[in-house]
Amino acid sequence: MENSIRTTRTDDGSVTVTVLGEVDFANSDMVAQGIHDAITDWSPTAVRVDLRDAAFIDSTGLGALIEGYRTAEAKGVTFEVLNPSDTFRRVLSVTGLSDFFGLIDDRDEEPSRASGA
């Protein structure tokens, strides 16, 4: 199976995990493990999960993000989700996970996090 994530470290000590394609039952474990490895292997100050290139995320994909959040929280690492699609943003809002994932309600306050896919 093709890798569903790409991980990069930035000069500010943070790590960006870019999610690619669909995240569903078939590969959500790979996404969760990729976020976990980025945190535990690189000890970043923050981990940002970029969903710009995620075409679809189901409930198991949401579970992978929650696992990533829990790993980050346990290690004292800031966890943010960037560029969710409008549909996925609504899911995060309805489930109450927007605050956990560093999303804000007003898109005009911080457009880089709210551009959608």
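Above this text you will find the structure in question.
In what follows, the accompanying structure is described.

Rules and cut-offs
Residues numbered from 1 in each chain as written. Predicted model: local features only at pLDDT ≥ 70, side-chain atom pairs only at ≥ 80, totals over all residues. Heavy atoms only, no water. Phe/Tyr/Trp six-rings, centres within 6.5 Å; stacked < 30°, edge-to-face > 60°. Helix = DSSP H or I, 4+ residues; strand = E, 2+ residues; numbered from the N terminus. Buried < 20%, exposed > 50% of the residue type's maximum accessible area, 1.4 Å probe, protein only. Lys NZ or Arg CZ within 6 Å of the ring centre and 35° of its normal.

1. Looking at the packing of aromatic side chains
Reasoning step 1: All told, the structure shown has 4 aromatic pairs when counted by the stated rule.
Reasoning step 2: When the ring of Tyr69 is compared with that of Phe101, the centres are 6.3 Å apart and the planes differ by 65°; the resulting orientation is edge-to-face. Within this pair, whereas Tyr69 is found in helix α2 (residues 59-75), its partner Phe101 is found in the segment after α3 (86-95), the two being separated by 32 residues in sequence. For the pair Tyr69 and Phe101, one class covers both residues: buried.
Reasoning step 3: What links up through ring pairs into an aromatic cluster is the set Tyr69, Phe79, Phe100 and Phe101.
Reasoning step 4: Stacked on the ring of Trp42, the Lys or Arg Arg9 has its end atom at 4.7 Å from the ring centre.

2. Some words on unusual backbone geometry
Both trends apply: most residues other than glycine have a negative phi, and most peptide bonds are in trans.
Reasoning step 1: Despite not being glycine, Ser43 has its phi angle at roughly 45°, a positive value.
Reasoning step 2: Relative to the helices and strands, Ser43 resides in the loop between α1 (28-42) and β4 (46-50).
Reasoning step 3: For Ser43, a relative accessible area of 58% translates into the label exposed.
Reasoning step 4: A positive phi is found at Asn83, a non-glycine position, where the angle reads about 55°.
Reasoning step 5: On the secondary structure map, Asn83 appears in the loop between β6 (78-82) and α3.
Reasoning step 6: Residue Asn83 is classed as buried on the basis of its relative accessible area, which comes to 2%.

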